[in-house]
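Read off the chains here:
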Amino acid sequence: MNDVPDIAAAPSDRAAEPRWLVAPAAAVYDAGAVAADLRAAASIEAGDAAKRLEACRILRQALEAGRARIRAAFDQNHRIGYDVARSLAWLTDRVVIDAFHFVANDLMHRASPTTGERVAVVAVGGYGRGELAPFSDVDLLFLTPYKKTAWGESVIEATLYLLWDLKLKVGHATRSVEECLRRARSDYTIRTALLEQRFLCGAPELQEELERRLFDELISRTGPEFVEAKLDERDARHKKTGGSRYLLEPNVKESKGGLRDVHTLFWLAKYLYRSCSASELVEKGVFAKDEAMRCRWASKHLWTVRIALHYVAGRAEEKLTFDRQIDLAERFGYREAEGQRAVERFMKRYFLAAKTVGDLTGIFCAALEEQHKKTPPMLGGMLRFLSGAAPAARRGPPPEGVLLREGRLTVEDPELFRREPVAIFRLFREAIRREVAVHPAALRAVGRHRRAVDERMRADPEAQRLFMELLADSEDPPRALRLMNLTGVLGRFIPDFGRIIAQMQFNMYHHYTVDEHSILAVETLYRLIRGELKDEHPIETEIAVGLRDRRVIAVALLLHDVGKGLPEDHSIVGARIARVVCPALGMSLAETEQVAWLVRWHLAMSDVAQKRDLSELATIRGFAELVRSPARLKLLYVLTACDIRAVGPGVWNGWKGQLLRQLYHETRATLTGQAEGVSRGDRLAAAQAALRVATSEWDEAAWAAHVARFEPHYWTALGTSSHHLHARLIAEAGSSCRAAHPEEAEIRMATETSAARAATEVAFYTQDHPGLFARMAGALALVGADVVDARAFTTRDGMAINTFWVQDAEYGPFSDPDRLRASVERVLKGEVLARDALKARRKLRKREQPFEVEPQIVFDNDAADRLTVIEVNGRDRVGLLHDLARALAAESVNIVSAIIATYGEHVVDVFYVKDVFGMKITQPGKQERVERALVTAIEKSGPS
């Protein structure tokens, strides 16, 4: 493995052939042949324009050939990404140098130049480091004497035009040494670019003067302020790019843990130590040898990914989107193994590199502080981030071997953790108890000795007790978990958790890696306990606050996805893992069984709430039989809410909250006997009585006529607010919605917005006819209304009352009912054919194309008393509900209700249906025909 300049300056010696060059120098750029050709171009009998044109042809040919040779080497060996970056910089050096020499020595030669007729060409920025991605900018500084001359300006202009003609993306500045220093004093971006300066050609004394004066007059005096500025800049960049190194579509250059973070470390190193390689930082005592090796690996891996990304995209693409991830995983030769897709294995390696960069940041800052290159307050923000500390401190003696120094905990002897690894947990417990930061030097010592966390420590009763105290009984368990994960201790103490560290979930639903998601779920639990989410989660907060023992729910949340990435269903294998892990943590048999049950069924409540009709007694009975006890229901309810919130920003919304609350209340009533003896007839009578109160102004004849319109199921399937909305709508419509031809009948609409549900209820009333529900669903899709639930009823006198609950693109109530009405009217009048209008919108965005969702149709005749439940799994797209509803109508299947649950690219549409005779669909032949029609609708946009 090369010694780093993996983040350092490449040599500028033209004569040398660097060992890292990906091919023989002459194969990348035949300097002798190019020089001869350029001399010939300069001597042709023609004007300067023709000479420049010929020189451009020669250099372009050499540049393109060199790039092709470098790419061919990379295509043959994808492990040489960093060498490719340096080779591209070396090739660009040759072209820039020869272009400048051709202009200065051949076109504008001065036999006796004056002292003012001097120019130095200097590479700055990333190019100055000697690193260049295939489509990166080439940043040049043209240094001139204080007083510019016409000759110098002409040489610079002609050189730039020649480089631009070569299609190089040149960023440039022309300044004197004094101008550079003046600008660098006030602009950290310019100062950073100059920090990485590298002489290419021209007058070397100008560049030497700039480098000397930059360090003597500016850098040597401003170390602390530069550190603070660059760390503030880094924090702002992290915030802008998502704030997590585990985002599933990271920016390889700018995201947390990306190459820019590596560059930041070495800007600081060069500024403070004048060091430019990991090996030099070992000599300075900043990194240990193993840390320098990790630095090389992480830097080189990130460079390899970036180089490949540029080549695949054909442009300066830095974001590792889902489609690019698949491309790169295939090109790098990753294969599916042990339940993990090739792309997931590829991304796990990427996230491990990003995590390594984060670890090295903490180590580097610890070294800076120890060597007094900055004062502790200057890195206060970083240290609080690394340790997650609160500002307050509590008094009392720390454990033996642990010191409280300048408000932070550290250790007298870094070898303490090797001799006595349980001291790691004592350190973390003390930091949590005192609400103080852990010194980066102590975190570094923990990380270096994490391998001491072995089988013997896992079996140590004190270690088990301390871990459980940190997780369930300390003042800040999420912080404890992050400390353990940051230092690598968590994955060592629970090896099954170690397997999911940096494990990505390749879908558009989950936003984080599995370990980050699990820790966020635990963090959400303690936000509930602290009352921070009371407005959104009143019941969950009440349950969480009232928990006498948090051990079961905390461990269940930590382990709920521990089975991800294995061949089996992760809930089943996760429960099996929990039965092994829990006793190893000192948990009792009863606690172990509780945790295992929660892990096994952690998706059950979410699935039932989002995919089943909660007005069906069979749904509630079936879920109650699974849960069996109110205590277990409470734990599962809290776990479900924490799990959903931890998936990513915006995944939790009011609609999901309302569904879960309804399922919780009705299941609890069943489990506690409060729902016993409540028959369907009782529910029907109660619903009618509630509506009668709301319509007290109606006379008895009008009331009796309204009640007689509906089948019994109507009264038990909806709440009073929906019944009242329908009653008003029907009364206002009168007989206006009837017509000789049903498709010509007037349509009436009423809406009601529910802030609690974060949805708008839209009710349509018109004369019933075949395919009405499908056409309405299509009309709603055309205006961007996202249907989350729907009910369809036909009255005894042939009228249809169809209700949809819709949200906008931001998962909030749909705020423009006039658009809804207009779209539905146009579709029902035949002015717009929904299936045709939707076709133009069905093209998948490029980032969605990598995801494949196998269509799956499931029939269930036990989930409802009178209806068949059809669960349709497929890829989400605009108008899918419309296509599925049309397919069912074509097979003479009547939709009573539709429930839609979306998980990123995966959608589950659940239909409660009956046949034309009002019966369940039980015949195998009929089920097969319906299944074929639905699969066709998913794959081919439905029947024509």
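Just so you know, these numbers come straight off a predicted model, no measurement behind them.

This paragraph deals with the sheet that holds strand E4 (residues 198–202). The strand order across the open sheet formed by 4 strands is E3-E2-E1-E4, and the pairing between neighbours is mixed. In this open sheet, the two strands that pair with only one neighbour each are strand E3 (170–176) and E4. Strand-to-strand twist of the sheet, defined as the mean angle between neighbouring strand axes without regard to direction, takes the value 25°. Pairing analysis gives 7 bridges linking strand E2 (residues 138–144) to E3, with the strands arranged parallel. Of the residues in E3, the one forming a bridge with Leu-140 is His-172. Against the sheet, helix H7 (residues 177–186) touches E2 and E3, its axis set at about 110° to E3.

Each packed pair of helices is defined by two parameters, the angle between the axes and the distance between the axes. The interhelical angle for the contact between helix H32 (residues 630–645) and helix H33 (residues 654–671), taken along N-to-C directions, is 170°, at an axis separation of 10 Å. Classified by the interaxial angle, the pair formed by H32 and H33 is roughly antiparallel. Where H32 approaches H33, its residues Pro-630, Leu-633, Lys-634, Tyr-637, Thr-640 and Ile-644 are matched on the opposing element by Lys-656, Leu-660, Arg-661, Tyr-664, Thr-667, Arg-668 and Leu-671. Split by residue class, the contact of H32 with H33 holds 7 nonpolar, 2 polar and 4 charged.

Let's shift gears to the pattern of salt bridges. As enumerated under the stated definition, the model contains 51 salt bridges in all. Salt-bridge contacts for Glu-254 lead to Arg-237; the nearest nitrogen and oxygen are separated by 3.7 Å. Pair noted here: Glu-254 is in the loop between helix H10 (223–240) and helix H11 (259–273) and Arg-237 is in helix H10, with a separation of 17 residues, a long-range link. Overall, Glu-254 belongs to the partly exposed group, its relative accessible area being 22%. One salt bridge connects Arg-796 with Glu-711, and the closest N-O pair in it is separated by 3.5 Å.

With respect to the secondary-structure elements, Gln-464 resides in helix H21 (residues 461–473). Beyond its immediate stretch of four places on either side in the chain, Gln-464 contacts Arg-458, Ala-459, Phe-493, Ala-584, Leu-585 and Gly-586.

Helix H22 (residues 477–486) packs onto H21 with a crossing angle of 130° between their chain directions and a minimal axis gap of 7 Å. The orientation of H21 relative to H22 falls into the category oblique. Where H21 abuts H22, its residues Phe-467, Leu-470 and Leu-471 lie against Pro-477, Ala-480, Leu-481 and Met-484.

A few words now on the packing of aromatic side chains. Considering all chains together, one arrives at 20 aromatic pairs under this definition. Note on Tyr-714 and Phe-793: the rings are 5.0 Å apart at their centroids and 85° apart in plane angle, and the pair reads as edge-to-face. Remark: Phe-793 occurs in strand E10 (residues 786–794) and Tyr-714 occurs in helix H36 (residues 712–717); sequence separation between them is 79 residues. Neither Tyr-714 nor Phe-793 differs from the other in exposure class; each is buried. Taken together, Phe-710, Tyr-714, Trp-715 and Phe-793 form an aromatic cluster joined through their ring pairs.

Let us now look at the nonpolar core. Nonpolar side chains in soluble globular proteins generally cluster together in the buried interior. Leu-140, Phe-425, Phe-467, Met-484 and Leu-525 are the most contacted members of the largest nonpolar core, which totals 261 residues. Tallying contributions element by element places helix H4 (residues 81–107) first for this core, with 16 residues. Dropping the residues within four chain positions of it, Phe-425 is found in contact with Met-457, Ala-463, Leu-466, Phe-467, Leu-470, Met-484, Val-489 and Phe-493. Among the nonpolar cores identified, the runner-up in size contains 52 residues, and Val-762, Leu-782, Leu-838 and Ala-898 belong to it.

Quick look at helix H9 (residues 204–218) now. For H9, which comprises 15 residues, the first-to-last C-alpha distance of 21 Å matches the rise-based estimate of 21 Å (1.5 Å per residue) to within 8%. Turning to H9, its buried residues number three or more, namely Leu-206, Gln-207, Leu-210, Arg-213, Leu-214, Phe-215 and Leu-218. Where H9 is buried, its residues contact strand E1 (120–123), E2, H7, helix H8 (188–195), E4 and H11.

This paragraph deals with the pairing of strand E15 (residues 906–915). Burial analysis of E15 places 8 of its 10 residues in the buried class, which makes it a mostly covered element. Direction of pairing for strand E13 (residues 868–875) relative to E15: antiparallel, over a ladder of 8 bridges. By the bridge assignment, Val-872 is partnered in E15 with Asp-909. With 10 bridges connecting them, strand E14 (residues 893–903) and E15 associate as antiparallel partners. By the bridge assignment, Ile-899 is partnered in E15 with Val-910. Hairpin connection of E14 to E15: 2 residues between the antiparallel strands, including Gly-904 at a positive phi of 70°.

Pairing is mixed in the open sheet, where 3 strands are placed in the order E5-E6-E7. The sheet is open, and its two borders are formed by strand E5 (402–405) and strand E7 (437–438), each paired with just one other strand. One ladder, built from 2 bridges, connects strand E6 (residues 408–411) with E7; its direction is parallel. Residue pairing across strands places Leu-409 opposite Val-438, the latter belonging to E7. Each of E5, E6 and E7 touches helix H18 (residues 423–434); the most contacted strand, E6, lies at about 165° to it. This element, helix H19 (residues 440–448), spans E6 and E7 of the sheet and lies at about 45° to E6.

A cluster of nonpolar side chains, namely Val-916, Phe-917 and Met-919, defines an oily patch on the protein surface of about 370 Å² accessible area. Along the chain, the position of Met-919 falls in the loop between E15 and helix H42 (924–940). Accessibility expressed as a relative area gives 51% for Met-919, which makes it exposed.

Procedures and definitions
- Residues numbered from 1 in each chain as written.
- Predicted model: local features only at pLDDT ≥ 70, side-chain atom pairs only at ≥ 80, totals over all residues.
- Heavy atoms only, no water.
- Pairing = 2+ DSSP bridges.
- Helix = DSSP H or I, 4+ residues; strand = E, 2+ residues; numbered from the N terminus.
- Axes fitted to C-alpha atoms, helices over the stretch in contact; angles between N-to-C directions.
- Contact = heavy atoms within 4.5 Å.
- Parallel < 35°, antiparallel > 145°, perpendicular 65-115°, else oblique.
- Nonpolar A, V, L, I, M, F, W, Y, C, P; charged D, E, K, R; others polar.
- Salt bridge = Lys/Arg side-chain N within 4 Å of Asp/Glu carboxyl O.
- Buried < 20%, exposed > 50% of the residue type's maximum accessible area, 1.4 Å probe, protein only.
- Phe/Tyr/Trp six-rings, centres within 6.5 Å; stacked < 30°, edge-to-face > 60°.
- Core = buried A, V, L, I, M, F, W, Y, C linked by side-chain atoms within 4.5 Å.
- Expected span 1.5 Å × (residues − 1).
- Patch = residues over 30% accessible without salt bridge, like charges linked within 9 Å, V, L, I, M, F, W, Y side chains within 5 Å.
- Areas by Shrake-Rupley, 256 points an atom, 1.4 Å probe, with all protein chains shown as cover.

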